[in-house]
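# Per-entry structural report
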Amino acid sequence: MSKFVKFSKLRSTTDSTFWAKFVELKIDKFKLDEKSISIWGSYGLQSLNEDNSNPLTLDFTSFNEDLETVDNSLSVLCCGRMINTNTFEAFRQINPEKFIDSMGKDVINSIQDGTALQSPWKLSLFLVLAYSDLKKYKFYYWVAHPTPLKLPEMYYEESPKSINEEFAAKHVEDLCQGFLQLDSRTKNYFTVLLSGDKMTIVDLAAGVKAINTNSEKQSQSYNEIYFAFYDPCATSNPGWPLRNLLCLLCWHCPTYYFSKVIKFISIRGNKTQKSLVFALKSKQYENYKCERDSLFLSNLVGWESNLNDKLGPTIVNLSDMMDPTKLSDRAVNLNLKLMKWRLVPDLDLEKIYNLKCLLLGAGTLGCAVARILLGWGVNNITFVDNSNVSHSNTVRQSLYSHQDAVKHKHKAYAAKDAVLNIRPSINAEGVILHIPMPGHVVGESMLDSTKKSLEKLEELVENSDVVFLLLDSREARWLPTVLCAAKNKIAINAALGFDSYTVQRHGTRNFTNPISPDLETRNPRGMDLGCYFCNDVTQPGNSQTDRTLDQQCTVSRPGLSQIAAGLAVELLITLLQHPLGIEAEALVRRDNISPSDTDLVGLLGCVPHTIRGSLWNYDTHLTITHRFTSCTACSVPIIAEYKNRGLRFVLDTCNVPNYLEKLSGLEQILKRPDLDELCYALDNTSDDDEDDKKI
Amino acid sequence: MDGPGTITWDEFLENAERFVEMSCQISDGWELRGDKKVPGEAYVARKQKQYIRSSGNSINDRPTPRYSDDSADDFDFVLKQDPFEASCPIEWPLVTEHHVLWSMSYGVPILYFNGWKSDFAGINPISMEEAQSLARNGELKYKDLSQAIHPILGTPFLHLHPCMSHELLQMTSNSKNKLVSWLSTVAPAALNLKLRCEYCQLTI
Ligand SMILES: [Zn+2]
C-alpha cells in the first residue's frame, strides 16, 4: 500500500437544551465573563444508524460540574473548553488558527507530562468558540478537535479487518463486555492485551509500560497488544481520535513507534460490533527524533466543517423554539394552516395576517370582534374608545378583568393590553378619541378638541384596511361612515338591540355616479349597496335628547354581541377571500345558489349585504339596502362637501339643524307628493316584513 | 370498535409495555409516555437524531442551508492544508420523532411522526409532500399520509390514516405482539423508521 493513512473528521451536534441552559447561565452566572468554561460532550451508544457518523453531542448536561451527573454507561464522555465572546465583533476578530493553537495546547501538555496516560480523555479534548445573540436567540458556534498537524506519515501494513476476522468469537465478546464496563471517560482510549487465551483490557499507561518493558527485556509478557480508541466515524479510514493516540505513542515509546507495526482497534457501533482493526507502520525516517520534535512543535488543526461543508461557524437561529412569543405565534399559525391544509387549500392567510383593522368602539362588540380577529390570525388591531372600564362592563366585555375596572382603565388601553396578553406578537394600539356626532353641538370651548379628534380619526381610517363600526349610538357611526366612503375603506357595521342585531358591509362609493342604482338587480354588486344610513329618511341626530331610538340604553341579551361579532368578522373574512372582494354580489335568497357562479360564490361562500337576526324567534334574514343618492352619510353631495370643507363641514353637521337633510337633498324628497311610492321602492328589496325599526 | 383487525386498549398497553421493556434492554430509546390508566392517553414515543447521507430519495436531499444567513459568507475561512484529513461523504442531521398512539374510535394503533432536517426539532421540518413521496416510494404504497393534530399533545404531526391498519392487523393475527408486527410493517412509510431485529422475538 502506498498511500499514507488519512483520518476522518469528527462532527458535533448541539441540542436546543444546550443553548437554553447556556442562555440561563450566561444571564445568571457567567454574565460578561469571557474566560473559557469547562464543558462535557458525549458520543451516545444508542444510535441505530451505524452506517453514518455518530456526532459529539452537546446538551444541557454539558454544563454540569460534577462528573457523576454526566457519567453513564451508554456514552463516551469527552471534555471540552468553551469560549463565548460578548460581542459579535470580538467573535469575528478571533483568528481560528491562533485560537486552536493556544486553546489546544492542553492536549500537547497532557501527552508530554504523561497525564494523558492515566486520564486518556485528555486526548479527546474539544473546543467550542461561540457568540450568542441573546435577544434574537441566534447562536454562532464552531467546534474544533485539536491535534498536531505534522504527524509522521503512517502506512497500512495490511487492509483493515473487522474484529470478527481478527479475533476468536470469545475475544470479540470479551472486547464488547470489557468496553461496556469501562467508565464513560475511559472508553475514549484504552489498551487490549492478548496473552495466551486471555484478553485483558488495561489503560494506556499500562499499555505503554508493557511496550517499554518488553523492549528492555526482549521478552514479551503478552502475545499481542492493541491500542483501542472509540471511533465515531463510519468510513473506511480511521477516525480523528487516532491522531492524538499516535502522538501519545510517538512521545512515550518512540523506538517502538518508528520501527514496529502497531495494531489499533477502532471501536465502532454501540456494542463494538462494527469495530475495525488497523495494522499501521510509520514511514522510515532518517532522523525520527527530529520528526518527533517537530510533531510537538507544530501547529494544531481540527476545526469542523459546518453543514454547508465550509470551514466556518454554524449559525443557528433558535428564536422559533426559545422565544415564548414566537412559540405562541407558531401555535396560532399552525391552527390556521391546518384549516387551510385540510379544508380550504386556497385560503389566503397572508392577506388576513396583514390586514389592518380599526375597531371603533371597545365595548361588548369591540371585545368580541377583537377576539375573533385574533382567532383568524389578524396581526394589526387598533381600538378606538373614549370610555373607561367600569365594574358593570367586565362580565360582558370579554377583554376586561376586574383589575381593569378597579384601575378604571381606559377601554382602548385595557383592550390593547388584553390582546397583547393573549398574543404577545400582535401589533395592537389603543386610541382615546371622542367621535364628533351630528346634532351634538360643538361650542367654542370644544372647537380645538373636535378638530384634533377629526384629524386623528381621518389618520386612523386612512391607515386601515377595514373599519369596524361597533359604537353604541347611531350618530357616532355617521362620521366614520362618511370617512370610509370618502377614503374607500371596507366598513363593517354591527349594531345590537335588546334581542336583535344587524350586521352589514357598506357598499363602495363611486362619486361620479349620482344616478340611482337599478333596484331590480337580483344580487347587486358592492358599488350599488348602501350604507347604514342609506334607508333612513331622517338625518342622524342627538339621540340623547329626542330618545326616539333605543341607542341610549343599550342593554342586550349577553349572547347577542357574540353572535353579531362572529357574523361581522366572518362576513369580512368571506369577502376578503372572494375573488371580487368588496365588490362581491350580495346574497339575498339562499335557494338556487350555483357554486359555479363566481360573482356570487367565493372561496368561503357567499357574502350578504345585511344580516338581521333576532333571538326572539331565532330568525335570520339577509336583506339588501341599495345605495341611496340622497343618503345623509354616503351620497355624492355629502362626500363632496366633506372633501371641500373638512372641519367646517363637520362642525356644521353638529351645530346647524337639519343641515344634512338639506345638503343631501333628503329635505326635497320629503316634500315630494310621491313619497309613499319612494318609500316602497326603498323598502321592497328587503324581505323583512317587520317594521324597519332601526336597531 | 372491536372485532377482527382491531386491538383493545388493554392489549395495546400490554404490547406497548413489552415493546418498551425490549427497548430498555437494547437501549434504542423508546419510552412509554402519558397516563396508562386512561384508555388512549398513553403512547410509545421516541425522538432520535441521526446523520444521513444522500441516496437519491427526497428526504436525503441536502437541506437548504437554513442555518446560514447573509453573515455566513463572512465566515468562509481558508485554513492550513492538512494532508492527513480524509475526504468525507457529506452528511447532515435529521431529527425524527415517532409516537405510537391507540385510537379509541378505530380500535387500532396510529403512528404520528415529525422530522426535521436540522440539529433541532422544530427547525427545517420535513414537509408533508416530502413525507408523502417517501411513503409512496416504499413498499406499502401508503397513500393516506397527512397532517393531523396529535390528540394528546395538541400540536401538528404527520400521521398515517388508521383505515389501512385494520387490514394489517388482520394479517398479524397470529402474532404474540400485534403492536410490534403492525409497527414493523408501517414503519418504512413513516420517514423510514427502522425497528431493531430484536423486537421480532416479541411476536413469536
Ligand atoms: Zn348611505
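Per an unreviewed UniProt entry, chain B goes by Ubiquitin-like-conjugating enzyme ATG10 and derives from Tetragonisca angustula. Heading Sequence similarities (unreviewed entry) of the UniProt record for chain B holds this comment: "Belongs to the ATG10 family."

Looking at an unreviewed UniProt entry, chain A carries the name Ubiquitin-like modifier-activating enzyme ATG7, with the source organism given as Tetragonisca angustula. The record in UniProt for chain A states the following under Subunit (unreviewed entry): "Homodimer." Listed under Sequence similarities (unreviewed entry) in UniProt, the entry text for chain A is "Belongs to the ATG7 family."

## Structural notes on the sheet that holds strand β17 (residues 380-385) of chain A
All names here are of chain A. Pairing is mixed in the open sheet, where 8 strands are placed in the order β18-β17-β16-β19-β20-β21-β25-β26. Of all the strands in the sheet, just β18 (427-432) and β26 (619-623) have a single pairing partner and so form its edges. Pairs of neighbouring strands in the sheet enclose a mean axial angle of 15°, with direction left out of account. Sheet analysis places strand β20 (residues 490-496) next to strand β21 (residues 500-505), joined by 5 bridges and oriented antiparallel. Bridging from a neighbouring strand, Ala 494 pairs with Val 503 of β21. Helix-sheet contacts for helix α15 (residues 364-375) involve β16 (356-360), β17, β19 (466-469) and β20, and the interaxial angle to β16 is about 165°.

## Observations regarding the nonpolar core
Grouped together as the largest cluster of nonpolar side chains are 109 residues, with contacts concentrated most on Trp 19, Met 82, Phe 227, Phe 264 and Ile 265 of chain A. A total of 7 residues in this core trace back to one element, the largest contributor, which is helix α9 (residues 241-252) of chain A. If we ignore the near neighbours within four places in the chain, the residues touching Trp 19 of chain A are Thr 14, Met 82, Ala 130, Phe 139, Tyr 141, Leu 318 and Met 322 of chain A together with Phe 120 of chain B. Core analysis: the next-biggest nonpolar cluster, separate from the first, contains 59 residues, Leu 349, Ile 352, Tyr 400 and Leu 572 of chain A among them.

## Overview of the packing of helix α18 (residues 447-462) of chain A against helix α23 (residues 647-655) of chain A
All names here are of chain A. As a packed pair, α18 and α23 sit with axes 11 Å apart at the nearest point and diverge in direction by 120°. It follows from the interaxial angle that α18 and α23 lie oblique. Considering the relative orientation of α18 and α23, their crossing is right-handed. Judged by residue contacts, Leu 447, Thr 450, Lys 451 and Leu 454 of α18 engage Leu 647, Val 650 and Leu 651 from α23.

## What to know about the coordination of the zinc ion
Residue and element names in this part refer to chain A. Protein coordination of the zinc ion is provided by Cys 531 (SG), Cys 534 (SG), Cys 631 (SG) and Cys 634 (SG), with donor distances spanning 2.2 to 2.3 Å. Around the zinc ion sit 4 donor atoms, and with donor-metal-donor angles ranging over 97 to 122° the site reads as tetrahedral. Going along the chain, you hit the donors of the zinc ion in the pattern C-x2-C-x96-C-x2-C. Here Cys 634 lies in the loop between β26 and α22 (636-645) and Cys 534 lies in the loop between β21 and α20 (543-546), a separation of 100 residues in the sequence. Since its relative accessible area comes to 0%, Cys 534 is described here as buried.

## Describing the side chain of Asp 499 of chain A
All names here are of chain A. Within the secondary structure, Asp 499 sits in the loop between β20 and β21. No salt bridge is formed by the buried Asp 499; the nearest opposite charge belongs to Arg 557, separated by 4.8 Å. Apart from residues lying up to four places away in sequence, Asp 499 is in contact with Arg 557, Leu 560, Gly 613, Ser 614, Leu 615 and Trp 616.

## Re the sheet that holds strand β5 (residues 145-149) of chain B
All names here are of chain B. Spatial ordering of the open sheet is given by β1-β2-β3-β4-β6-β5, a layout of 6 strands whose pairing is antiparallel. In this open sheet, the two strands that pair with only one neighbour each are β1 (31-34) and β5. Neighbour-to-neighbour, the strand axes of the sheet open up by a mean angle of 35°, direction not taken into account. Across 2 bridges, strand β4 (residues 108-116) lies against strand β6 (residues 156-160) in antiparallel orientation. In the sheet register, Phe 113 faces β6, and the bridge partner there is Leu 158. Set on the sheet, helix α1 (residues 9-26) makes contact with β1, β2 (42-53), β3 (91-103) and β4; between it and β2 the angle comes to about 40°. Here helix α4 (residues 178-186) sits on the sheet in contact with β3, β4 and β6, set at roughly 40° to β4.

## Points about a negative patch on the surface
A cluster of like negative charges, contributed by Asp 66, Glu 68, Asp 71 and Asp 183 of chain A, occupies part of the molecular surface. Along the chain, Asp 66 of chain A turns up in the loop between β3 (56-58) and β4 (75-85).

## Regarding the interface of chain A and chain B
Across the boundary between the two partners, chain A contributes 61 residues, which contact 45 residues of chain B. Each partner contributes to the roughly 4700 Å² buried at the junction of chain A and chain B, and carbon and sulfur atoms together form 58% of this total. Summed over the shared surface of chain A and chain B, the result is 4 salt bridges. Where Lys 9 of chain A meets Glu 85 of chain B, a salt bridge forms, and the shortest distance between an N and an O atom there is 3.8 Å. Where chain A touches chain B, the interface holds 11 residue pairs in polar contact (both at pLDDT 80 or more).

## Section: the pairing of β20 of chain A
Residue and element names in this part refer to chain A. Of all 7 residues in β20, 7 are buried, a share of seventy percent or more. Burial along β20 is two-sided: Ile 490, Ile 492, Ala 494 and Leu 496 and Ala 491, Asn 493 and Ala 495, pointing in opposite directions, are all buried. In the sheet, β19 pairs with β20 via 4 bridges, with the strands oriented parallel. Residue pairing in the sheet places Val 467 in a bridge with Ala 491 of β20. For the crossover from β19 across helix α19 (residues 478-487) to β20, the handedness is right-handed. The antiparallel hairpin formed by β20 and β21 contains 3 residues in its connecting segment.

## Let's talk about the pairing of β4 of chain B
All names here are of chain B. Where burial is concerned, most of β4 is hidden: 9 out of the 9 residues are buried. Two elements, β3 and β4, share 9 bridges in a ladder whose sense is antiparallel. Within β4, the position partnered with Val 100 by the bridge is Leu 111. Connecting β3 to the next strand, β4, in antiparallel fashion are 4 residues, including Gly 107 with a positive phi near 65°.

## Some details on the pattern of salt bridges
All names here are of chain A. By the definition in use, this model includes 30 salt bridges over all chains. Where Lys 451 meets Glu 455, a salt bridge forms, and the shortest distance between an N and an O atom there is 3.5 Å. You can see Lys 451 and its partner Glu 455 sitting in helix α18, 4 residues apart, about one turn around the helix. According to the relative accessible area criterion, Glu 455 is partly exposed, its value standing at 41%. The closest approach of N and O atoms between Lys 456 and Glu 459, which form a salt bridge, is 3.5 Å. Pair noted here: Lys 456 and Glu 459 are both in helix α18, with a separation of 3 residues, about one helical turn.

## Digging into the confidence of the model for chain B
Residue and element names in this part refer to chain B. The share of residues in chain B with pLDDT of 70 or more is 84%, and the mean pLDDT across the chain is 81. Averaged over each element, pLDDT in chain B is lowest for helix α2 (residues 128-137) (74) and highest for β4 (92). Model confidence for the complex: the whole-complex pTM is 0.63, and ipTM, which rates the interface, is 0.79.

## Here we look at the packing of α18 of chain A against α19 of chain A
Residues and elements named next belong to chain A. At a minimum axis distance of 10 Å, the contact between α18 and α19 shows a crossing angle of 45°. Classified by the angle their axes make, α18 and α19 are oblique. Between α18 and α19 lies a crossing whose hand is right-handed. Contacts from Leu 454, Leu 457, Glu 458, Val 461 and Glu 462 of α18 reach α19 at Leu 479, Pro 480, Leu 483, Cys 484 and Lys 487. Among the residues making up the contact of α18 with α19, the classes are represented as 7 nonpolar, no polar and 3 charged.

Each value, and the rule that gives it
Residues numbered from 1 in each chain as written. Chains lettered and ligands numbered in written order. Predicted model: local features only at pLDDT ≥ 70, side-chain atom pairs only at ≥ 80, totals over all residues. Heavy atoms only, no water. UniProt positions renumbered as here; feature names shortened; annotations may be inferred. Pairing = 2+ DSSP bridges. Helix = DSSP H or I, 4+ residues; strand = E, 2+ residues; numbered from the N terminus. Axes fitted to C-alpha atoms, helices over the stretch in contact; angles between N-to-C directions. Contact = heavy atoms within 4.5 Å. Core = buried A, V, L, I, M, F, W, Y, C linked by side-chain atoms within 4.5 Å. Buried < 20%, exposed > 50% of the residue type's maximum accessible area, 1.4 Å probe, protein only. Parallel < 35°, antiparallel > 145°, perpendicular 65-115°, else oblique. Left-handed = near helix turned anticlockwise from the far one by under 90°. Donors = N, O, S within 2.8 Å, 3.2 Å for Na, K, Ca; no water. Tetrahedral: all angles 85-135°; square planar, octahedral: opposite > 155°, others 65-115°. Lys, Arg positive; Asp, Glu negative; His and termini not counted. Salt bridge = Lys/Arg side-chain N within 4 Å of Asp/Glu carboxyl O. Patch = residues over 30% accessible without salt bridge, like charges linked within 9 Å, V, L, I, M, F, W, Y side chains within 5 Å. Areas by Shrake-Rupley, 256 points an atom, 1.4 Å probe, with all protein chains shown as cover. Charge placed at Lys NZ, Arg CZ, Asp CG, Glu CD. Buried area = accessible area lost by both parts, 1.4 Å probe. Polar contact = N/O pair within 3.5 Å; in protein donor to acceptor, adjacent residues only side chain to side chain. Right-handed = clockwise from strand over helix to strand, strands pointing away. pLDDT = per-residue confidence, 0-100. Nonpolar A, V, L, I, M, F, W, Y, C, P; charged D, E, K, R; others polar.

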